[in-house]
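Chain residues, written in single-letter form:
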Amino acid sequence: MFGGRHMAEEVGLKGFFRFWPKNATESGTHKPQREGTWRRVPANDNVAIVRGMRATVEVTEDGQPINDVEARLLKLQNAEAERNKRNVDEDYTVVYIPPYFKYRIFTFIVAVWSVCCVAIAGMLAGPVLLGRRFFLLFTTREVHDGYSFVIGFHLLWGCWLVAQAVERLDRHRQRRESGSRAWWPLFLAKRSSLWFAQASYMAFFLVIVIPTLIALVMEMYVLLPIRFIYDPKTVVKVNLVEMWVLGLFYTKIILRLPGFEAPHRMNEGIQRVRMWLFLPPSRSLTVGV
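Here the structure is a predicted model, which means the values were calculated and not measured.

Quick notes on the nonpolar core
Residues Trp38, Val57, Val59, Leu73, Leu74 and Tyr96 constitute the largest nonpolar core, which totals six residues. Listing elements by their share of this core, those giving two or more residues are strand 4 (57-59) and helix 2 (68-83).

Quick word on helix 4 (residues 101-136)
Because an α-helix packs 3.6 residues into every turn, residues spaced three or four apart end up facing the same way. Counted at 1.5 Å a residue, the expected span for helix 4 with its 36 residues is 52 Å, and the 52 Å between its end C-alpha atoms agrees. For helix 4, the complete set of buried residues consists of Pro127, Val128, Gly131 and Phe135. Residues of helix 4 that are buried make contact with helix 5 (145-174).

Considerations on the packing of aromatic side chains
Per the stated rule, a full pass over the model turns up seven aromatic pairs. Measuring from centroid to centroid gives 5.9 Å for phenylalanine 134 and phenylalanine 135, while their planes differ by 70 degrees, and the two rings are edge-to-face. The class of phenylalanine 134 is partly exposed, set by a relative accessible area of 27%. In this structure phenylalanine 135 comes out as buried when scored by relative accessible area, which is 18%. Ring plane angle 50 degrees and centroid distance 4.9 Å describe the contact between tyrosine 201 and phenylalanine 205, whose orientation is recorded as tilted. In this pair, tyrosine 201 and phenylalanine 205 both sit in helix 6 (residues 184-230), four residues apart, roughly one turn of the helix. The class for tyrosine 201 is exposed, based on a relative accessible area of 52%. Under the relative-accessibility criterion, phenylalanine 205 is labelled partly exposed at 33%.

Side note on a nonpolar patch on the surface
Among the surface-exposed residues, Tyr201, Phe204, Phe205, Leu206, Val207, Ile208, Ile210, Val241, Trp244, Val245, Leu248 and Phe249 lie close enough to one another that they form a single nonpolar patch of about 1,100 Å² accessible area. With seven residues, the single largest contributor to the nonpolar patch is helix 6.

The rules behind these values
- Residues numbered from 1 in each chain as written.
- Predicted model: local features only at pLDDT ≥ 70, side-chain atom pairs only at ≥ 80, totals over all residues.
- Heavy atoms only, no water.
- Core = buried A, V, L, I, M, F, W, Y, C linked by side-chain atoms within 4.5 Å.
- Buried < 20%, exposed > 50% of the residue type's maximum accessible area, 1.4 Å probe, protein only.
- Helix = DSSP H or I, 4+ residues; strand = E, 2+ residues; numbered from the N terminus.
- Expected span 1.5 Å × (residues − 1).
- Contact = heavy atoms within 4.5 Å.
- Phe/Tyr/Trp six-rings, centres within 6.5 Å; stacked < 30°, edge-to-face > 60°.
- Patch = residues over 30% accessible without salt bridge, like charges linked within 9 Å, V, L, I, M, F, W, Y side chains within 5 Å.
- Areas by Shrake-Rupley, 256 points an atom, 1.4 Å probe, with all protein chains shown as cover.
- Salt bridge = Lys/Arg side-chain N within 4 Å of Asp/Glu carboxyl O.

Here it is in structure tokens:
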């Protein structure tokens, strides 16, 4: 396939022992014999081929046709190449063809197709099964496999992130001198607790408190004055859940405004928060928002 010739691939064993060449050769019961054929085939895709005729010629090892039919086909191919001002030596090459070549190619395609199908099925079935087990912890009702796949994929992704964080923590601990290294379970527990406390604090204020405050400001200073202008008898009612949801929408809109990206201050802060969430606690303490 890649231009190299391997003599061990051109011999085989006759009969039943061809499937166990190593054992048969060592026992001395059968001797390897030459198998397969040689063919002159196109060396590249840009070849002048005779229409209505096959592009390969069965030849000997030195490139000579084995019979008159093959010799006639070879002459036609050479004449077609000369008519198109092509170089025959560059357009064609002699290659070894093993026995049962068509069946080998068919088996190879089936094997590749089977491996791809199994891999795709595994990538889909793994998250789905994990998502189903997750939903069984909360409900006995059947949940759509789309939700199971999404939950299972994020659970696997979370496990991978946790494994990466633990590995980075261990590398950070190994850099210290042997006498100052902390006990690994205690070190992991302390760092994990610190990271969880910081992540909970950041998530609480960035996801709940700040969006709710933004929505309250919009409600009190923009929307309510407009309502009082049209209806002075408007009763003010504040629902924190609704304010939180509206705050998320307002935050999303603000982050997407064209002129908002000019200072780059909050965008840089958001990127630092994202980096901080995926770094080990020992490094995340030095990152400011």
